[in-house]
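Inside the fold
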Amino acid sequence: MSRFSNLGHKLYQGEVSFDFVGRRKLWYSISAVIVLIAGIGLAMGLHLGIEFKGGSVYTVSKPGLSVSQAQEAVDKIVSSHPLVQSTDNGKIRIQVSSEDKTTSSEFTGKLSQEIGVPVQDIDTQVIGPSWGEQISNKALTGLIIFMILVTIYLAIAFEWRMAVAALVALIHDLLITIGVYALVGFEVTPGTVIGFLTILGYSLYDTVVVFDTVKENTKDLTKQNKLTYSEAANAGLNQTLVRSLNTTVVALLPVAALLFIGGGLLGAGTLNDISLALFIGLAAGAYSSICVATPLLAQLKEEAPEMKALAKRVAQRRAADAKAAAAKEAGEVEEIADEDLPAGMVGQRGRAAGTTRAKGRPSTKR
């Protein structure tokens with residue numbers, strides 16, 4: 001842990017630096033591949049829950065009844081592959097899509113015979129697709145309003161280029177999360193929608209923290225000629241790197257416990273709805289704030305005329321420094337070579353090679 005703290009200190013002081021901004025083409029390529037895979041998942045379609053497409057929900061209370069037993073009994077009644085899950089209170093929850101034409105009374109009668117429970121012990125709830133449609137419309141409206149407000153806030157608090165970069169990062173996170181959700185085949189429920197909206201706030205928070213440091217590092221940047229905007233932005237990104245990683249790990253640990261232990265080992269399938277969305281979204285948000293938002297901001301900023309002029313001045317200064325260092329080194333090499341020559345031959349080697357003595361250096365010739 002102390003080594004990690006020392007690394008954070010070195011990153012903040014600039015003693016160690018990872019060139020994230022300079023490798024933006026690599027990060028863009030990785031993001032493009034991931035988004036493409038996510039797009040393929042979306043093209044295959046999301047597995048919408050019963051709340052969105054309508055259907056019937058049957059809750060069975062019978063001690064000792066397992067999910068596999070209930071699944072076997074349900075498969076004999078309908079052929080639409082209903083979803084069978086266990087609830088937190090030990091009951092069995094069966095979801096039958098509205099695509100199945102079996103009536104609720106017919107289903108409960110057959111199910112009662114198959115699993116050996118009275119009909120009155122089977123709770124029936126019919127859900128229409130209009131309810132899910134209302135949820136979807138409201139969630140989409142909230143998402144659009146959120147994006148607009150975020151853009152306005154960042155444009156006022158920072159600048160429009162930061163707003164654009166943050167917005168691209170948010171869309172990037174959403175596409176990846178929804179695409180992975182489609183590929184995995186998890187059911188989309190209202191809890192999933194909550195998870196999708198939650199990751200937007202986290203991704204934005206992480207991006208704003210980085211942008212705030214970048215803003216401080218690039219203040220009055222055009223008054224010097226040592227660093228370009230990309231280099232100053234990369235320095236700010238490195239200063240917040242350890243903080244971003246720590247925040248992500250701390251956020252992912254409880255979510256991973258819900259997903260892998262609660263939903264996987266303990267079989268609480270209802271936890272998967274929100275935990276998978278949060279897990280993928282948090283990881284994508286940390287990646288996008290480091291490898292997408294800041295490099296994109298630097299790219300947009302470098303197109304500004306004042307930053308192009310700054311990059312030109314920085315290049316000129318570095319070329320001049322390199323030329324001076326080369327001249328100094330050549331002069332020192334000439335002095336050393338002359339000292340090894342016999343008396344009377346001093347300076348001949350440099351002149352024969354077409355070199356000239358550095359200006360202002362005292363001659364070793366006697």
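Residues numbered from 1 in each chain as written. Predicted model: local features only at pLDDT ≥ 70, side-chain atom pairs only at ≥ 80, totals over all residues. Heavy atoms only, no water.

What about the pattern of salt bridges?
Condition: The term salt bridge refers to a pairing of a side-chain nitrogen on Lys or Arg with a carboxyl oxygen on Asp or Glu at a separation within 4 Å. Strands here mean DSSP runs of E at least two residues long; helices mean DSSP runs of H or I at least four residues long; both are numbered from the N terminus. Residue exposure (1.4 Å probe, protein chains only): buried if accessible area is under 20% of the type maximum, exposed if over 50%, otherwise partly exposed.
Counted according to the given criterion, the structure contains eight salt bridges. For Lys76, the salt bridge identified is with Glu114, shortest N-O distance 3.9 Å. Note that Lys76 is positioned in helix α4 (residues 67-77) and Glu114 in helix α5 (residues 104-115), a separation of 38 residues in sequence. Classification of Glu114 as partly exposed rests on a relative accessible area of 40%.

Some remarks on helix α11 (residues 272-302)
Rules: A helix is expected to reach a length of 1.5 Å times the quantity of its residues less one.
If you check α11, its first and last C-alpha atoms are 43 Å apart, about what 31 residues at 1.5 Å a residue would give, namely 45 Å. With 25 of 31 residues buried, α11 lies mostly within the body of the structure.

Quick notes on unusual backbone geometry
Only a minority of non-glycine residues have a phi that is not negative, and only a minority of peptide bonds are not trans. Positive phi is not limited to glycine here, since Asp220 has a value of about 55°. Tracing the backbone shows Asp220 in the loop between α8 (190-217) and α9 (229-239).

Section: the sheet that holds strand β4 (residues 92-97)
To summarise the sheet geometry, strands pair through backbone hydrogen bonds and adopt either a parallel or an antiparallel arrangement. This is how it is decided: If DSSP finds at least two bridges between two strands, the strands pair. Angles shown run from 0 to 180 degrees and are taken between the N-to-C directions of axes, each axis being a line fitted to C-alpha atoms and, for helices, limited to the stretch in contact.
Strand order in this open sheet of four strands is β3-β4-β2-β5, and the pairing throughout is antiparallel. Edge positions in the sheet fall to β3 (83-86) and β5 (122-127), since each has one partner strand and no second. Sheet twist, expressed as the mean angle between neighbouring strand axes with direction ignored, is 20°. Relative to β5, strand β2 (residues 55-60) runs antiparallel, the two sharing six bridges. Looking at the pairing, Val60 lines up with Ile122 of β5.

Describing the packing of aromatic side chains
Operational definition: We call Phe, Tyr and Trp rings a pair once their centres come within 6.5 Å, taking the six-membered ring for Trp, and we label the pair stacked below 30 degrees between planes, edge-to-face above 60, and tilted otherwise.
Evaluated as defined, the whole model comprises four aromatic pairs. Between Phe20 and Trp27, the ring centres sit 6.1 Å apart and the planes meet at 35°, which makes this aromatic pair tilted. The same class applies to Phe20 and to Trp27, which are both buried. With a centroid separation of 5.7 Å and 75° between ring planes, the pair formed by Tyr181 and Phe196 is classed as edge-to-face. Taken together, the positions of Tyr181 in helix α7 (residues 160-184) and Phe196 in helix α8 put the pair 15 residues apart, joining distant regions of the chain. You can call Phe196 buried: its relative accessible area is 12%.

Examining the nonpolar core
Applicable threshold: The term nonpolar core refers to a set of buried residues drawn from Ala, Val, Leu, Ile, Met, Phe, Trp, Tyr and Cys, joined through side-chain atoms within 4.5 Å. By the convention used here, residues are in contact when the closest approach between their heavy atoms is within 4.5 Å.
In terms of nonpolar packing, the biggest core is built from 49 residues, with Phe20, Leu154, Phe211, Tyr229 and Leu297 touching the most fellow members. For this core, the secondary-structure elements that each account for two or more residues are α6 (129-157), α7, α8, α9, α10 (241-265), α11 and α12 (305-339). The biggest single contributor to this core is α11, with 10 residues. Discounting chain neighbours no more than four positions away, the residues touching Phe211 are Phe158, Met162, Ala165, Ala166, Ala293, Thr294 and Leu297. Ranked by size, the runner-up nonpolar core spans 17 residues in total, among them Leu65, Ala70, Ala73 and Ile115.

Quick notes on the confidence of the model for the protein
Applicable threshold: pLDDT measures how confident the predictor is about each residue, on a scale from 0 to 100.
Of the residues in the protein, 82% reach a pLDDT of 70 or more, and the chain-wide mean stands at 79. Here helix α13 (residues 348-352) stands out as the least confident element of the protein, with mean pLDDT 44; helix α2 (residues 24-44) is the most confident, with 91. Under a pLDDT of 50 for its full length, residues 341-361 has, in the predicted model, 22 contacts with residues more than four places off or in other chains.

Section: α7
Spanning 25 residues, α7 covers 36 Å between terminal C-alpha atoms, matching the ideal 36 Å at 1.5 Å per step. Looking one or two residues beyond α7, the residue adopting positive phi is Gly185, at roughly 90°.

Re the layout of surface pockets
If a probe the size of a water molecule is rolled over the atoms, the empty space left behind becomes visible. Formally: A 1.4 Å probe that fits into a set of points on a 1 Å grid over the protein atoms alone but cannot get out defines a cavity; an open set with protein on both sides within 12 Å along at least five of seven lines defines a pocket, and lining residues are those with an atom within 4 Å of a point. Grid points are joined across faces, edges and corners, and a volume is the space filled by probe spheres set on the points.
A volume near 340 Å³ is recorded for the largest pocket. What lines the largest pocket is a set of 14 residues, among which Ala139, Leu140, Ile178, Val193 and Phe196 lie closest to the centre. Residue assignment for the lining of the largest pocket shows that the elements contributing at least two residues are α6, α7 and α8. With four residues, the single largest contributor to the lining of the largest pocket is α6.

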